[in-house]
Amino acid sequence: TNLGTMAMESSTADAAGGSNDRDTIAPNVDERPKAGGTSTDTASQAVSALTADEENGGAHEIAGIDAADTAHCEAQQPQGPTMNYGASHRPELDGTHVEAFPVVDEQYTSVVGEPIKPFHQRREGRVVLMVISVLLVSLAVILAVFLGANGKEESDNIEAAITTSEPTMKPTYDPRSTLEIVRERGYLNCGVDGSIDWGGAVNFGAYAADFCRVVASVALGNPDKVNYTSVSGDQFIKLQERLVDVLFAGYVLTLDKAVKEPTTGLKFLFGTPYYHSSIVYLGEQEYIRCASDGKRYGVCEDLAVCAVDTTEIRNLIPTILPAPFVTFGLFPEMSEALQNETCNVLVSGSYKIYGDSKLQDKIFSGSYIMSSFHISRDPLVSVIRPGDYAWFDLVEGAKAAALRSSHRNIEVAIGPWTCPNSTELPMSFLNAPRCVGSTYEVFERSLGPNAYGYNNSFMPTIDAYNFGSLDCEGECDDALKYGTLKRIKERGQLNCGVYIPPHLTSKSLQTVISTKYCFLVAVAIFQGDPSAANVTYLGSEDFSVDFLPDFPADFDVVAGVNWEDYVSLDSEISEERLGKATATSFYYWQDKFEYNGTLYDGVGKGPSLFTHVADSTFSTFTEYVTASVVYAQRNKITKNSNQNMPLAHIFGSGLTFMLRDVVSYAGNYDEILEEAISLSDQAVGQGWNAVRQNIDLYAGLPVYNCDAYGTCAPCQNLDFDGVEVCLSIGFA
């Protein structure tokens, strides 16, 4: 869990100034009457709109879009993209058309945001990291006592329900969606990691099983209608052959696996993370220090590392330690080797360590320690079979409902009338917290009561999956010769819609960033040319209930849409809206959220890039685009050092430079954010929008960040090295 930076507030007023930098773009609207009572709006070549606060209850409520704003581009720039406003975006803009043209006006000046200094490099950041490290060690004792007393009975019940690893009969192929099959069958077949112990102070087996129960609650109205099936290396075969309906089996996603899962060659559907695991060192303190420092002489000459043989660890460890010091193997073998002193350091995903009761005992007794920094982050994701998009949306919605319930303080309901325990009633995502609980309740039940926060401050929330391999086995398919990418290339432009929710405007920060991401996709396709983006703004009327299910052919991608705008979490589930579009990882988080008319602190909604489900290759391509600027941020690559971005062969020779082109045009995530803030209406600042680092402080035990939900317990003022820190422990 990482601590983040506070919002970077700019003191500059509304007007966003021009610049001779071709990549600093301030789209503006100039309403001029023309014959017939319509008006023509003009906008600049590159980005657009700027920001406000968030949907429903932001810092201000502006119904219209300011007139007579001015944009600037280099005069020698090729003709810019067309910016259009949807016909019903705002009443005063009906029928408008926006054309970009270069304007030079020296009365405007650029507003440049101050560089965002990493939190851990500031004095107060170092103090906070030290405080949390000390605090979390003490929490380990609480964890052992709490879970030893409360977690055993439930885990025993779930563990007893696990079936054998091999079902008795291979089912025949059924062309129906999994949702229809599960509801007719009356129970969920859920694949779980067979190598994880069910028990111990940290019961990761029960934690993963609770997410199976969350899905069953939504699909069947009953969390107990689950058949647990143990899986291992055969998990994707079992999933594809419908022996299981969903996997919560500790699978670590890298983006190359979304292009082609290596054991089957298929394109499975990978969900959002249900747990953020980390790759860590475990062992005796002296040798942990040797491995962390890469020291291999003197007291470290006996260093012997046992590394769990996963793709991620096998790619990572050779960059840290020479081969003679490392042995690779399966987790059970490597765990046993550490305990019998064949090696003195184990490299593994933290969730595997939590799933080994013997290692847990060693940790809590003080015999072993975990490294204070994790080597890399390993997001564990749910998995659905290829093309099963309606079922994928239901699983994602069930997880999202449990997560948002942590925001809203909705807890597991008491009484049989709240959890329906029946398929007779309409499906509802709210059955997830009603029947199983919020994500914090699930966390606390199995992983411990360790929620902490730093004075209700902003934490880094921007994340992206690691690339994995950017090469192919054999020759890579040329993605520009097929599907959506081929149509875009032949058309000569990317058609991108930008949704502007109620209470936001074209100058709201979310809108500015969303527009910028349209240009990122365009430059990735068109060899770095931002003029290939054609942007249309969509208001709430354009974004009708039928919009995304139909996903009009005139849009290749729509930015600015939150998943909750697409599939409502509070109403009965409409199966007609499931399985129509896919979304990338969030590239921006609003700083507040509203529920039932109340405005809460904490992470609000986050927009994504939405694409049609018909072309999974293009959907994955847009995920690579969003990941590119996060990768650049994590690796300290800037616009000026874009040549350090890796080449990507995975989409074919025509797109080899796509990652480099994106960063050459826009820079890393901080550079994009700083520019967007300077161009925005200044209503909000940085907020939660900082990148979570791959290598960072590691707590040594599972922790839950209450700051992100605005529900921290009252903090206590502590003085460390002259810096006052207000630290929260637990939820209010």
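Note that this is a predicted model, so its numbers are computed, not measured.

**A word on the overall build of the chain**
Regarding its fold elements, the chain presents 21 helices and 27 strands. Looking at the chain residue by residue over its 732 residues, the buried ones come to 61%. Carbon and sulfur atoms provide 50% of the accessible area of the chain, an area that totals close to 28500 Å².

**Examining the confidence of the model for the chain**
Put simply, the chain has an average pLDDT of 77, and 72% of its residues get 70 or more. Low pLDDT, under 50, characterises residues 1-83; the stretch is placed with 308 contacts to residues that sit more than four places away or in other chains.

**Here's the deal with helix 12 (residues 389-408)**
With 20 residues, helix 12 ought to run about 28 Å at 1.5 Å a step, and its terminal C-alpha atoms sit 28 Å apart, in line with that. Burial analysis of helix 12 places 18 of its 20 residues in the buried class, which makes it a mostly covered element.

**Quick word on the packing of aromatic side chains**
A full pass over the atoms with the stated rule returns 23 aromatic pairs. For the pair Y440 and Y704, a centre-to-centre distance of 5.1 Å together with 55° between the ring planes defines the contact as tilted. Of this pair, Y440 sits in helix 14 (residues 439-446) while Y704 sits in strand 25 (residues 704-705), placing them 264 residues apart in sequence. Here Y440 and Y704 have matching classes, each one buried.

**So, the state of the cysteines**
Counted according to the given criterion, the structure contains 6 disulfides. The residue that forms a disulfide with C190 is C212, at a sulfur-sulfur distance of 2.0 Å. Since a negative S-S torsion denotes a left-handed disulfide, the C190-C212 link at about -65° is left-handed. Note that C190 is positioned in strand 6 (residues 188-193) and C212 in helix 4 (residues 204-220), a separation of 22 residues in sequence. The pair formed by C190 and C212 is uniform in burial state, with each residue classed as buried. A sulfur-sulfur distance of 2.2 Å marks the disulfide that ties C306 to C343. Because the torsion about its S-S bond is -120°, the bridge between C306 and C343 counts as left-handed.

**Re the side chain of T505**
Looking at where T505 falls in the secondary structure, it is placed in the loop between strand 17 (494-499) and helix 16 (509-525). A polar side-chain atom of T505 sits 3.0 Å from the main-chain amide nitrogen of K507.

Parameters and conventions
- Residues numbered from 1 in each chain as written.
- Predicted model: local features only at pLDDT ≥ 70, side-chain atom pairs only at ≥ 80, totals over all residues.
- Heavy atoms only, no water.
- Helix = DSSP H or I, 4+ residues; strand = E, 2+ residues; numbered from the N terminus.
- Buried < 20%, exposed > 50% of the residue type's maximum accessible area, 1.4 Å probe, protein only.
- Areas by Shrake-Rupley, 256 points an atom, 1.4 Å probe, with all protein chains shown as cover.
- pLDDT = per-residue confidence, 0-100.
- Contact = heavy atoms within 4.5 Å.
- Expected span 1.5 Å × (residues − 1).
- Phe/Tyr/Trp six-rings, centres within 6.5 Å; stacked < 30°, edge-to-face > 60°.
- Disulfide = S-S within 2.5 Å.
- Polar contact = N/O pair within 3.5 Å; in protein donor to acceptor, adjacent residues only side chain to side chain.

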